[in-house]
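Listed here are the chains, written in short residue letters.
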Amino acid sequence: MFKKFLEYTSLLLIVAIFIGLGLWQLDRARSLKEILNSPPPAVSAPVALQELAEPRTSLDKQNDNKSVTASGFYVANFRAPNQKDGAGVVNDWEVALLQVDTNAGILVVRGLWSERLQEPQLSMSNRVEVAGILRAHQSEDRALNSPGVISRLDSSVIVSLTDLDLYDGYVIASDEKVREGVIERTRVTPELRTARIPGFYWQHISYVVVWWLMAAVVLYLPIYRRRVAA
């Protein structure tokens, strides 16, 4: 009698686990669908970089993708290979280090690397007014670090190249102004950051069916065993 109790208890526990996994997978499918169908975030009014971030401090996730402004001098220039924009186009980007205070700096994506010589009048001695989107640093390398090349958009890869206190993250410039006027060049659009839920909606639904089918199979096993024994 006790043996049968343990068998049925174990059976119900396994069934409950499979049903729970199916419910969990269904919840992920719903969450993924909600995020994919949600409208794009409203564009906020730009605020000064210093109001949202501090040098040598991790960027608050709530400030990722916020519109910011910054002013200063470009003190270094880098090529960031194999960067993907919002349209999925992969290209090399021009990234400059903007000194925004006496001892602070932030990486700024200025545009395509192929257009870096389009504005020869922009020199290191000109103060630049930058407006753009603040993004959290990249965590995966897109290339190898080498002289004049950065592997990813992350201030940590250039720490040894400057004495400035660096801001976490980077700015994708949508507008640059110098004393002579607006700098006209092709701007890159940020890569969309959608849900961090892997897979596709119908893939999750198929897993729901699989988990619940396995629960049904486990429930059917005792009936099958009785029929075989009979």
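Note that the coordinates shown come from a computational prediction; the quantities given were computed from them, not determined experimentally.

(A) Representation of the pattern of salt bridges. As enumerated under the stated definition, the model contains 9 salt bridges in all. Between Arg185 and Glu94 there is a salt bridge, and its shortest N-O distance comes to 2.8 Å. Here Arg185 is found in the loop between strand E7 (181-182) and helix H3 (201-229), whereas its partner Glu94 is found in strand E3 (residues 90-99), with 91 residues between them in sequence. Taking the relative accessible area as the measure of exposure, Arg185 reaches 10% and is therefore buried. Residue class for Glu94 comes out buried when judged on its relative accessible area of 2%. The partner of Arg152 in a salt bridge is Asp154, with the nearest N and O atoms 3.1 Å apart.

(B) Just a nonpolar patch on the surface, in detail. The grouping of Ile19, Leu23 and Trp212 at the surface amounts to a nonpolar patch, some 270 Å² of accessible area in total. Along the polypeptide, Trp212 turns up in helix H3. Residue class for Trp212 comes out partly exposed when judged on its relative accessible area of 36%.

(C) Representation of the nonpolar core. If you look at the biggest cluster of nonpolar residues, it comprises 21 residues, and the most contacted ones within it are Leu98, Ile106, Val108, Val130 and Leu134. If you list the elements that add at least two residues to this core, you get helix H2 (49-52), strand E2 (66-84), E3, strand E4 (104-112), strand E5 (128-135) and strand E6 (165-178). If one sorts the elements of this core by residue count, E6 sits on top with 4 residues. Filtering out sequence-adjacent residues up to four positions away, Val108 remains in contact with Tyr74, Glu94, Val95, Ala96, Leu98, Val130, Val171 and Ala173. Counting 17 residues, the second-largest nonpolar core is a separate cluster that includes Phe78, Val109, Leu166 and Tyr170.

(D) Summary view of the environment of Asn126. As for its placement among the helices and strands, Asn126 is situated in the loop between E4 and E5. Using a relative accessible area of 12% as the deciding quantity, one classes Asn126 as buried. Along the primary structure Asn126 and Val178 are separated by 52 residues, whereas in three dimensions their C-alpha atoms are 6.6 Å apart.

(E) The arrangement of the confidence of the model for the protein in detail. With 88% of its residues at a pLDDT of 70 or more, the protein shows a mean pLDDT of 86. Confidence scores differ between elements of the protein, with helix H1 (residues 2-37) showing the lowest mean pLDDT of 81 and E4 the highest of 96.

(F) Unusual backbone geometry, seen in detail. At Arg56, a position not held by glycine, the phi torsion is positive, near 60°. Mapped onto the fold, Arg56 is located in the loop between H2 and E2. For Asn65, which is not a glycine, the phi torsion comes out positive at approximately 80°. Relative to the helices and strands, Asn65 is located in the loop between H2 and E2. You can call Asn65 partly exposed: its relative accessible area is 38%.

(G) Representation of the pairing of E3 within the structure. In this structure, E2 lies alongside E3, joined through 9 bridges in antiparallel fashion. If you follow Arg79 over to E3, its bridge partner there is Glu94. Between the antiparallel neighbours E2 and E3 lie 5 residues, among them Gly88 with a positive phi of about 85°. Here 7 bridges tie E3 to E4, and the two strands are oriented antiparallel to one another. Looking at the pairing, Glu94 lines up with Gly111 of E4. Between E3 and E4, which pair antiparallel and follow one another directly, the connecting turn spans 4 residues.

(H) Seen up close, the environment of Ser156. As for its position among the elements, Ser156 is in the loop between E5 and E6. By relative accessible area, Ser156 is classed as partly exposed at 41%. Between the C-alpha atoms of Ser156 and Tyr167, which are 11 residues apart in sequence, the distance is 9.4 Å. There is a polar contact of 3.5 Å between the side chain of Ser156 and the side chain of Arg152.

Cut-off values and rules
- Residues numbered from 1 in each chain as written.
- Predicted model: local features only at pLDDT ≥ 70, side-chain atom pairs only at ≥ 80, totals over all residues.
- Heavy atoms only, no water.
- Salt bridge = Lys/Arg side-chain N within 4 Å of Asp/Glu carboxyl O.
- Helix = DSSP H or I, 4+ residues; strand = E, 2+ residues; numbered from the N terminus.
- Buried < 20%, exposed > 50% of the residue type's maximum accessible area, 1.4 Å probe, protein only.
- Patch = residues over 30% accessible without salt bridge, like charges linked within 9 Å, V, L, I, M, F, W, Y side chains within 5 Å.
- Areas by Shrake-Rupley, 256 points an atom, 1.4 Å probe, with all protein chains shown as cover.
- Core = buried A, V, L, I, M, F, W, Y, C linked by side-chain atoms within 4.5 Å.
- Contact = heavy atoms within 4.5 Å.
- pLDDT = per-residue confidence, 0-100.
- Pairing = 2+ DSSP bridges.
- Polar contact = N/O pair within 3.5 Å; in protein donor to acceptor, adjacent residues only side chain to side chain.

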